[in-house]
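Overview (structure and organization)
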Amino acid sequence: MAEEIARNAHRASTVLKTLSDEQRSTALYKIRDALIKSKDEILKANRIDMEEATKNKLSQSLIKRLDLSINGKFDSMCDGIVDVAHLEDPLNRCTLATQLDDGLELYRLTCPVGVLLIIFESRPEVIANITALAIKSGNAAILKGGKESLHTFKAMSEIINRVLDVSTDVPANSIQLISTRGEVSDLLKQDLYIDLVIPRGSNELVRNIKENTKIPVLGHADGICSIYMDKDLDLEKACRIVVDAKTNYPAGCNAVETLLIDENLSVDLQTQILKALLDANVTLHIVPELLSEIDPHLKESYPSQLVTATEKDFDKEFLSFDIAVKKVNGVRDAIEHINSHSSKHTDAIVTENEATADVFLKGIDSSGVYWNCSTRFADGFRYGFGTEVGISTNKIHSRGPVGLEGLVCYYYQMRGSGQVVGDYLGGGGTRVFKHVSMDPSNVKL
């Protein structure tokens, strides 16, 4: 069964990549329209998943991720499909052109990765996001949602499959949606047909997948993001940034989990930054030496929100209104701490000192490094990618929010007029290669 699913996806991918951008984009408009038309049906299914999640006492962060009705999430999901449709065609773009000899030219062109296996938990909007990105980039995709979003998953998958089968030029099996864990285990063995696995979910999910497949895996296990408050910061910026990064959506992988404070920052400014978080109902897990220095008035006013941090708190993704706090001795100490504890997702510095910021930006080993802005900006939509298939902390292929660009690779195309290697030096002949670079932007193929 798994081999058949993977083989069918591979066959579909060989056709899908030959469709024009107009054909692929038109399919996305039709999917968006069908989802909007079926909004009530989808949200009804989503409420069933929410009720079961609450009944089964799943974590609040997971339940929040599951909910399609909050903060205009459903409408944003549909808008994201159109945003992807509007993006420039990522396929067949020439990125290198070289004249090897008269009548012999080499081109490097973008092409789809091939077949994607995407496994995700909680977030049902991922179905729409990845369907849009896969079709636009010419990739076939096999999607497996978590059991906690099963009803929403089924409702949306039926709509998407119906649209693709009846109303578009996208070949059958370009998007396949599976629902059992057993199928996933078998699919992870299909390295002959599946080109890339993209897990979206818990640390446990990602690590389990990486340990059980030979297929390349793109993703991140944790979102342990840090913000460093430098001694030369602007107080208003500091408070706004850290409160937003922690409270805007604490269940997100780009929410800040660790606050590092320069020990040379004035006590008054330290107190005001901490108070801003306390006023936002954040619980501060503070190392003992700093907790002992906290203004007594803060301890009296927020007795339950000031707790002693453990070393494990600095390797933890809270996904809640909690943050670990400690002092560091300047920017290089902050860099050392972050590079030792970070999950290489997104980290930020707040400072008005450009030289200090430059050291931080160059020294942090993460996929996103920010200066004077919230870590919550680490998102494909906010980057202008339309949406994202996930966030990668890998150091090969793609890094950070992965949009269309991360779902294409390239191949070399050569166009000749009868040449053979035996004509050239090194192959037995006397001809010499010219190797003349051409402007790829002027190439018309």
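Residues numbered from 1 in each chain as written. Predicted model: local features only at pLDDT ≥ 70, side-chain atom pairs only at ≥ 80, totals over all residues. Heavy atoms only, no water.

For clarity, the cut-off: UniProt positions are given in the numbering used here, feature names are shortened, and annotations may be inferred rather than shown by experiment.
For the chain, an unreviewed UniProt entry supplies the name glutamate-5-semialdehyde dehydrogenase and the organism Pichia kudriavzevii. The record in UniProt for the chain states the following under Function (unreviewed entry): "Catalyzes the NADPH dependent reduction of L-gamma-glutamyl 5-phosphate into L-glutamate 5-semialdehyde and phosphate. The product spontaneously undergoes cyclization to form 1-pyrroline-5-carboxylate."

**Some remarks on the sheet that holds strand 6 (residues 196-200)**
Note the threshold: Two strands make a pair as long as DSSP finds a minimum of two bridges between them. Only DSSP runs of H or I covering at least 4 residues are called helices, and only runs of E covering at least 2 are called strands; the numbering of each starts at the N terminus. Between N-to-C directions, angles span 0 to 180 degrees; the directions come from axes that are lines fitted to C-alpha atoms, helices contributing only their stretch in contact. Note on contacts: a residue pair is in contact if any heavy atoms of the two residues lie within 4.5 Å.
The 4 strands lie next to each other as 5-4-3-6, forming an open sheet whose pairing is parallel. Because the sheet does not close on itself, it has two edges, and the strands there are strand 5 (175-178) and strand 6. Between one strand and the next, the sheet's axes are offset by a mean angle of 15°, whatever the strand orientation. Judged from the 4 bridges that link them, strand 4 (residues 140-144) and strand 5 form a sheet pairing that is parallel. Within the sheet, the bridge partner assigned to leucine 143 lies in strand 5 and is leucine 177. Against the sheet, helix 9 (residues 203-210) contacts strand 3 (115-120) and strand 6, and its axis sits at roughly 160° relative to strand 6.

**A word on the side chain of serine 392**
The cut-off we apply is this: The cut-offs for exposure are 20% and 50% of the maximum accessible area for each residue type, with area from a 1.4 Å probe on protein chains only; residues under the lower value are buried, those over the upper are exposed, and the others partly exposed. Within 3.5 Å is the distance limit for a polar contact, defined as a pair of N or O atoms, with the added protein rule that one can donate a hydrogen and the other accept it, and that residues adjacent in sequence qualify only through two side-chain atoms.
With respect to the secondary-structure elements, serine 392 resides in strand 14 (residues 390-392). With a relative accessible area of 0%, serine 392 lands in the buried category. A polar side-chain atom of serine 392 sits 2.9 Å from the main-chain carbonyl oxygen of serine 398. Discounting chain neighbours no more than four positions away, the residues touching serine 392 are Leu218, Gly219, Ser367, Ser398, Arg399, Gly400 and Val402.

**Some points on helix 11 (residues 267-279)**
Applicable threshold: The span expected for a helix works out to 1.5 Å for each residue beyond the first.
Along its 13 residues, helix 11 runs 18 Å from first to last C-alpha, staying within 8% of the 18 Å computed at 1.5 Å per residue. Considered for burial, the residues of helix 11 that qualify are Gln270, Thr271, Ile273, Leu274, Ala276, Leu277 and Leu278. Just beyond helix 11, the residue with positive phi is asparagine 281, at close to 70°.

**Regarding the pairing of strand 9 (residues 283-286)**
Covered by surrounding structure in strand 9 are Thr283 and His285 together with Leu284 and Ile286, the residues of both alternating faces. The pairing of strand 9 with strand 11 (residues 322-328) spans 4 bridges and is parallel. Bridging across to strand 11, leucine 284 finds its partner in isoleucine 323. As defined by bridge partners, strand 9 adjoins strand 10 (residues 306-308) across 3 bridges and the pair is classed as parallel. Bridge pairing in strand 10 places leucine 284 opposite leucine 306.

**So, the packing of aromatic side chains**
Between two aromatic rings, the relevant description is the distance of the centres plus the angle of the planes. Heads up, the condition is: Aromatic rings from Phe, Tyr and Trp, taking only the six-membered ring of Trp, are treated as a pair when their centres fall within 6.5 Å; an angle between ring planes under 30 degrees marks them as stacked, one over 60 as edge-to-face, and anything in between as tilted.
Tallied over the full model, the rule gives 5 aromatic pairs. Relative to phenylalanine 360, the ring of tyrosine 228 has its centre 6.3 Å away and its plane inclined at 20°; by these criteria the two rings are stacked. Residue tyrosine 228 is located in strand 7 (residues 225-229), and its partner phenylalanine 360 is located in helix 15 (residues 354-363); the two are separated by 132 residues in the primary sequence. By relative accessible area, tyrosine 228 is classed as buried at 0%. Here the aromatic rings of tyrosine 424 and phenylalanine 433 are separated by 4.5 Å at their centres, their planes lie at 0°, and the arrangement is stacked.

**A short note on unusual backbone geometry**
Despite not being glycine, lysine 57 has its phi angle at roughly 60°, a positive value. The backbone phi angle of asparagine 372 is positive, close to 60°, even though this residue is not glycine. Mapped onto the secondary structure, asparagine 372 falls in the loop between strand 13 (368-371) and strand 14.

**With respect to the packing of helix 3 (residues 39-55) against helix 7 (residues 150-167)**
Selection rule: For classification, angles of less than 35 degrees are called roughly parallel, those exceeding 145 degrees roughly antiparallel, those between 65 and 115 degrees roughly perpendicular, and all remaining angles oblique. Here is the rule for handedness: rotate from the far helix to the near one, and if that takes an anticlockwise turn smaller than a right angle the crossing is left-handed, while a clockwise turn gives right-handed. Think of it as three bins: nonpolar holds Ala, Val, Leu, Ile, Met, Phe, Trp, Tyr, Cys and Pro, charged holds Asp, Glu, Lys and Arg, and polar takes everything else, Gly as well.
With their axes 7 Å apart at the nearest point, helix 3 and helix 7 run at an angle of 160° to one another. Classed by the angle they form, the pair helix 3 and helix 7 counts as roughly antiparallel. Every pair of crossing elements has a handedness; the one defined by helix 3 and helix 7 is left-handed. Between helix 3 and helix 7, the residues in contact are Glu41, Ile42, Ala45, Asn46, Ile48, Asp49 and Glu52 and Leu150, His151, Thr152, Ala155, Met156 and Ile159, respectively. The residue makeup of the contact of helix 3 with helix 7, split by class, is 7 nonpolar, 3 polar and 3 charged.

**A short note on the environment of arginine 7**
Locating arginine 7 in the fold gives a position in helix 1 (residues 2-16). Here the alpha-carbon distance between arginine 7 and isoleucine 349, two residues 342 residues apart in the chain, equals 47 Å.

**What to know about the packing of helix 2 (residues 21-37) against helix 7**
Two numbers describe how helix 2 lies on helix 7: the axes approach to 10 Å, and their chain directions differ by 140°. One element, helix 2, and the other, helix 7, form an angle in the oblique class. The interaxial crossing formed by helix 2 with helix 7 has right-handed handedness. Along the contact surface, helix 2 presents Ala27, Lys30, Ile31, Ala34 and Leu35, while helix 7 presents Met156, Ile159, Ile160, Val163, Leu164 and Ser167. Counted by class, the contact of helix 2 with helix 7 contains 9 nonpolar, 1 polar and 1 charged residues.

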